[in-house]
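# Descriptive structure summary
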Amino acid sequence: MKRIRVKYSKLGKQKAWGLAHSDELIEVDIRLKGRKALEILLHEICHILSPEDSEEEVVRKSVILTKTLWHEGYRRIDNTEDIPLQNGET
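Quick look at the structure, then. Owing to the predicted nature of the structure, the values given are computational and were not obtained by experimental measurement. (Residues numbered from 1 in each chain as written. Predicted model: local features only at pLDDT ≥ 70, side-chain atom pairs only at ≥ 80, totals over all residues. Heavy atoms only, no water.)

### Focus on the sheet that holds strand β1 (residues 5-9)
Note the threshold: DSSP-based pairing: two strands are paired if at least 2 bridges between them are found. Going along the chain from the N terminus, every DSSP run of H or I of four or more residues is numbered as a helix, and every run of E of two or more is numbered as a strand. For helices, the axis comes from a line fit to the C-alpha atoms of the stretch in contact; other axes are also lines fit to C-alpha atoms, and the angle between any two N-to-C directions lies between 0 and 180 degrees.
Taken in spatial order, the 3 strands make up an open sheet running β1-β3-β2, and their pairing is mixed. On the outer flanks of this sheet lie β1 and β2 (18-21), each paired with one strand and no other. Between one strand and the next, the sheet's axes are offset by a mean angle of 20°, whatever the strand orientation. The sheet contact formed by β1 and strand β3 (residues 25-29) spans 5 bridges and is parallel. Within β3, the position partnered with R5 by the bridge is L25.

### A look at the nonpolar core
The following threshold applies: Only buried residues count toward a nonpolar core. Its members are Ala, Val, Leu, Ile, Met, Phe, Trp, Tyr and Cys residues joined through side-chain atoms within 4.5 Å. Exposure categories follow from relative accessible area, calculated using a 1.4 Å probe and restricted to protein chains: below 20% of the type maximum is buried, above 50% is exposed, and the middle band is partly exposed.
I4, I26, V28, L32, A37, I40, L41 and I48 form the largest nonpolar core, which has 8 residues in total. Taken together, the elements giving at least two residues each to this core come down to β3 and α1 (34-49). No other element matches α1, which puts 4 residues into this core.

### Observations concerning the pairing of β3
Most of β3 sits inside the fold, with 5 of its 5 residues counted as buried. Residues L25, E27 and D29 line one face of β3 and the alternating positions I26 and V28 line the opposite face, and both faces are buried. As paired elements, β2 and β3 share 4 bridges and run antiparallel to each other. For G18, the partnering residue across the bridge sits in β3 and is V28. In sequence, β2 turns back onto β3 through a hairpin of 3 residues, with E24 there showing a positive phi of about 60°.

### A short note on the side chain of H43
We count it as follows: By the criterion applied in these results, polar contacts are pairs of N or O atoms within 3.5 Å in which, for protein atoms, one can donate a hydrogen and the other can accept it, and in which residues neighboring in sequence qualify only through two side-chain atoms.
Counting through the fold element by element, H43 comes out in helix α1. Residue classification places H43 among the buried positions, given a relative accessible area of 9%. There is a polar contact of 3.5 Å between the side chain of H43 and the side chain of S62.

### Quick word on a nonpolar patch on the surface
Counted only if it meets this: The patches reported here contain residues having more than 30% relative accessible area and no salt bridge. Joining distances are 9 Å for like charges and 5 Å for nonpolar side chains (Val, Leu, Ile, Met, Phe, Trp, Tyr). Where accessible areas are quoted, they stem from the Shrake-Rupley method and a 1.4 Å probe; at the residue level, only the protein chains shown are allowed to cover. Salt bridge, as applied in this entry: a Lys or Arg side-chain nitrogen positioned within 4 Å of an Asp or Glu carboxyl oxygen.
Among the surface-exposed residues, V6, Y8 and I30 lie close enough to one another that they form a single nonpolar patch of about 230 Å² accessible area. Mapping I30 onto the fold places it in the loop between β3 and α1.

### With respect to the pattern of salt bridges
Using the criterion set out here, one finds 5 salt bridges in the structure. Between R31 and D29 there is a salt bridge, and its shortest N-O distance comes to 2.7 Å. Among the residues examined, D29 registers a relative accessible area of 5% and is labelled buried. A salt bridge links K61 to D53; the shortest N-O distance between them is 2.7 Å.

### Re helix α2 (residues 55-71)
Basically, it comes down to this: For a helix, the expected span equals 1.5 Å multiplied by the number of residues minus one. Note on definitions: a residue-residue contact is assigned when non-hydrogen atoms from the two residues lie within 4.5 Å.
With 17 residues, α2 extends 24 Å from end C-alpha to end C-alpha; this agrees with the ideal 24 Å at 1.5 Å per step. Against the buried residues of α2 lie α1. Looking one or two places after α2, you find G73, whose phi comes out positive at around 90°.

Put into structure tokens, the structure is as follows:
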């Protein structure tokens, strides 16, 4: 898996904040902002990475990740890619 693709759209008709698809694609409601947007993004990523986890386990993991990253000051500021990831990819 190279990366999980993220699509932003209005999900009101689906009555969901986010959706995980089996083809390594997630959808996140475009109207979400800040910490809630981060939480839902992480929640759907957890579904893709650990499809065997129960919904309760996905919620638990995504909330812990959200609280940790938010506390550490991670916010959507820019998307520069000049420093590679741990595996060397940019």
